Amino acid sequence: MLKSLWVVDSRFWFEGKRLPPKPIPTPVVEPALVYGSTSTEAFALEPGKTKQNSFVPSFWERDFKNSIFIEPAQIELGFISGPSSHDVKVWSSFEQPLTLQSLTANGNSGLNLVSIEGGTTLAPHGGTFRYVLNVSDKVPVRIDAHWRWQFDHAATSLSVNGTKLVIWPYPPIYPVVEQWQWATAIIETRSAEQRLNNADWPVQSLSYRYTHHRDLALSNEMRFAINGDFPLAVPLWLDAIPNVSVQAGATTIAASVGQREFNDSALLYHNEHDYELVNIAAITPSTLELKGQVQRDHRNATLLPIRFAISKDGIKTNRRGLETNQEISFLNTELFTLPASPWPVNYRGIPVLTEYRKQARTRAKFPWKQRRTATNTPVNFLQRDVHRKQVDIELLDHGDRLAFRQRLTAFKGGLNPVWWLSYGHEIRIAALCTRNKLVVERRGFTERWPQGLHLWLEWADGPELVAARPEGLDANGNEILAIDTPNTHPVTDADLTAGHLLYLVRCDDDNWKFKHTKYQSSVTLSLIEVPPTEYPQ
């Protein structure tokens, strides 16, 4: 039956079905047979028969009794940078002794399994054979070795896998090109945009260039052809530490490490034929603590960080007589991170770009686009209803390459904005005024930034970064700017050394290319003004 109801003080009504009555529970009697009933038929259930008791094997009987064990059953060597040793133990839980009939090895070039404790008879109830697996620096690039112990009543096996690190030991010629590839997603409308960060850190690659004799260039091509399908151990020559000495057997290397990009491995380098790779356990500003010992004495070596890298584009060769030019780009296979470094100048919590080469190329444009109709008629339209300024600037480090790159990580590619100081001398005082209300030569501020703008004003008492609001024109056609400052001191044109605009910009390209020489680094960034709605008010 349907029932219609009105909801009080509402224009809506609904219909609903009445719920059926709940069923009346049927009594259940539990004699020898159990009876029950439904609305249609009765049924009977016989009680289950008692299950006979069964024996449950114990943990020892089920998992350990009469078994042979090896610890570990598999050794993953990972990337091999030098000699190492690994303990291996074979033990028995059999109730009778076992006789070793054979121990066979396969693919064990450069690996040596040495017996420390044992023989040919493995005692019962925990009898143990002990071995040491010695890994030399003569192993092949790909290690896939196996040992098998065959006893009279059981057998067990050991697998060893790993990859020998192949060093790319040639110092490049400058400049070295370092590339950062960020991942910023941009969603645009006609008046605004949204940017999403798809990765917290960029993908890093390094391009090294060489000039070699043709014989060495041929050897490089063969080295890459043989080993290029695995990551190579590539030195970071930009962070080289010269004149490092250390004795054989040492577990600490004293050097001016600072904040250089050392990670898990380092190279003590003399030339392309004389070097030693070491594994790092801990890093301090003045030392590298090693996982093992230095194998031999090193005097006046160059200490280099190591990165595991692949080359997607391979090695490029240009032969000209006996001299051969080669170039290879290495893609870092590890997560590339740099600790943040404070920005020298900030305004409203956003970094300010104040130091760059003044020869900046600027463009001011509207984003016109063109499309064609079904009749192939071109139609021009504005993709966005905003005027945006674009600028290409070159940033230089000033003696601290690492801090320079650390500061730039704050941009996160094209994600985060930054203030660009134009150095355009757009602000020039036209008449006597006060610090909180400037009368300046007309530049179109009222029409361009009716919502307000931001200025860099260099007074005699120091620079001032302030917000300004256009308030129309005076009787002489000069523009009036209300300055966000409590200072009411009167000023003239002689008091203002320079006045520039601050543009809020973002990187227009996620692909950054650093050019590193031996003593200086630079990067050219293409910046684009953010929409006016994103300017801080």
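Residues numbered from 1 in each chain as written. Predicted model: local features only at pLDDT ≥ 70, side-chain atom pairs only at ≥ 80, totals over all residues. Heavy atoms only, no water.

**Student:** Quick one: what's the story with the nonpolar core, residue by residue and with numbers?
**Tutor:** Counting residues in hydrophobic clusters, the biggest one holds 54 residues, and the most contacted among them are Leu-455 and Trp-512. If one sorts the elements of this core by residue count, strand β40 (residues 496-507) sits on top with seven residues. If sequence neighbours within four positions are ignored, Trp-512 has contacts with Glu-178, Gln-179, Trp-180, Trp-182, Leu-408, Phe-411, Gly-413, Cys-507, Val-523 and Leu-525. (Core = buried A, V, L, I, M, F, W, Y, C linked by side-chain atoms within 4.5 Å. Buried < 20%, exposed > 50% of the residue type's maximum accessible area, 1.4 Å probe, protein only. Helix = DSSP H or I, 4+ residues; strand = E, 2+ residues; numbered from the N terminus. Contact = heavy atoms within 4.5 Å.)

**Student:** Just give me the short version of the packing of aromatic side chains, but keep the residues and values in it.
**Tutor:** Overall, the coordinates contain 21 aromatic pairs when judged by the stated rule. For the pair Trp-180 and Trp-512, a centre-to-centre distance of 6.0 Å together with 20 degrees between the ring planes defines the contact as stacked. Placement of Trp-180 in strand β14 (residues 173-181) and of Trp-512 in strand β41 (residues 511-516) is noted, with a sequence separation of 332 residues between them. This pair shows no difference in class: Trp-180 is buried, exactly as Trp-512 is. With a centroid separation of 6.1 Å and 65 degrees between ring planes, the pair formed by Tyr-208 and Phe-330 is classed as edge-to-face. Of this pair, Tyr-208 sits in strand β17 (residues 203-213) while Phe-330 sits in strand β26 (residues 323-332), and the two are 122 residues apart along the sequence. (Phe/Tyr/Trp six-rings, centres within 6.5 Å; stacked < 30°, edge-to-face > 60°.)

**Student:** Talk me through the sheet that holds strand β9 (residues 111-117); I want residue IDs and the actual numbers.
**Tutor:** Reading across the sheet, the four strands line up as β5-β7-β11-β9 and stay open at both edges, with antiparallel pairing between neighbours. Of all the strands in the sheet, just β5 (68-71) and β9 have a single pairing partner and so form its edges. Here the average twist between neighbouring strands, direction ignored, is 20 degrees. (Pairing = 2+ DSSP bridges. Axes fitted to C-alpha atoms, helices over the stretch in contact; angles between N-to-C directions.)

**Student:** I'd like a description of the pairing of strand β36 (residues 453-459), backed by residues and values.
**Tutor:** On a regular strand, one side chain projects to one face of the sheet and the next to the other, so that they alternate. Within β36, six of the seven residues are buried, which leaves the element mostly enclosed by the surrounding structure. Note that β36 and strand β37 (residues 462-473) share seven bridges and pair antiparallel. Residue Trp-456 lies in a different strand from β37, and its bridge partner there is Leu-465. Joining the antiparallel neighbours β36 and β37 is a turn of two residues. Relative to β40, β36 runs antiparallel, the two being bridged by five bridges.

**Student:** Would you mind going over the sheet that holds strand β10 (residues 121-122) in detail, with residue names and values included?
**Tutor:** Spatially, β6-β13-β12-β8-β10 is the arrangement adopted by the five strands of the open sheet, whose pairing is mixed. Each edge of the open sheet carries a strand with a single partner, namely β6 (74-80) and β10. Of the pairings in the sheet, the one linking strand β12 (residues 142-151) to strand β13 (residues 155-164) comprises nine bridges and is antiparallel in character. Opposite Trp-149, over in β13, you have Thr-156 as the bridge partner.

**Student:** Tell me about the pattern of salt bridges, and please be specific about residues and values.
**Tutor:** All told, the structure shown has 15 salt bridges when counted by the stated rule. Close ionic contact of Lys-437 with Glu-471 constitutes a salt bridge, the shortest N to O distance being 3.2 Å. Residue Lys-437 is found in strand β35 (residues 437-440), and its partner Glu-471 is found in strand β37; the two are separated by 34 residues along the sequence. Judged by its relative accessible area of 39%, Lys-437 falls in the partly exposed class. According to the relative accessible area criterion, Glu-471 is partly exposed, its value standing at 34%. For Arg-443, the salt bridge is made with Glu-441, and the minimal N-O distance between the two is 3.4 Å. (Salt bridge = Lys/Arg side-chain N within 4 Å of Asp/Glu carboxyl O.)

**Student:** Run through the side chain of Gln-326, naming residues and quoting values.
**Tutor:** Relative to the assigned elements, Gln-326 resides in strand β26. In terms of polar contacts, Gln-326 uses its side chain to reach the side chain of Thr-317, at 3.2 Å. Among all residues touching Gln-326, those that are not within four sequence positions of it are Tyr-208, Arg-209, Tyr-210, His-212, Ala-217, Asn-220, Glu-221, Ile-315, Lys-316 and Thr-317. (Polar contact = N/O pair within 3.5 Å; in protein donor to acceptor, adjacent residues only side chain to side chain.)

**Student:** Now, about the side chain of Glu-178: what can you tell me, with residues and values included?
**Tutor:** Structurally, the position occupied by Glu-178 is in strand β14. When its relative accessible area of 0% is taken as the criterion, Glu-178 is described as buried. Side chain to side chain, Glu-178 and Arg-405 meet in a polar contact 2.7 Å long. Reaching out from Glu-178, the side chain makes a polar contact with the side chain of His-516 at a distance of 2.7 Å. Contact partners of Glu-178, with chain neighbours within four places excluded, come to Gln-204, Ser-205, Leu-206, Phe-336, Arg-405, Trp-512, Lys-513, Phe-514 and His-516.

**Student:** Summarise helix α3 (residues 401-408); cite the residues concerned and give the values.
**Tutor:** Counting buried residues along α3, eight of its eight residues qualify, which places the element largely inside the surrounding structure. Those residues of α3 not exposed but buried are Arg-401, Leu-402, Ala-403, Phe-404, Arg-405, Gln-406, Arg-407 and Leu-408. Check the buried side of α3 and you find it contacts β14, β17, β32 (388-396), β41 and β42 (521-529).

**Student:** Quick rundown of unusual backbone geometry? Include the residues and the values.
**Tutor:** With an omega dihedral of -5 degrees, the bond running from Glu-71 to Pro-72 counts as a cis peptide bond. Turning to its location among the elements, Pro-72 is positioned in the loop between β5 and β6. At the junction of Tyr-174 and Pro-175, the peptide bond is cis and its omega measures out at 5 degrees in the coordinates. Locating Pro-175 in the fold gives a position in strand β14. The phi dihedral of Arg-348 falls on the positive side, at around 55 degrees, and the residue is not glycine. Position of Arg-348 among the secondary structure elements: in the loop between β27 (346-347) and β28 (350-353). We classify Arg-348 as partly exposed; its relative accessible area is 37%. Backbone geometry at Lys-412 places phi at a positive 55 degrees, although glycine is not the residue there. Within the secondary structure, Lys-412 sits in the loop between α3 and β33 (418-421).

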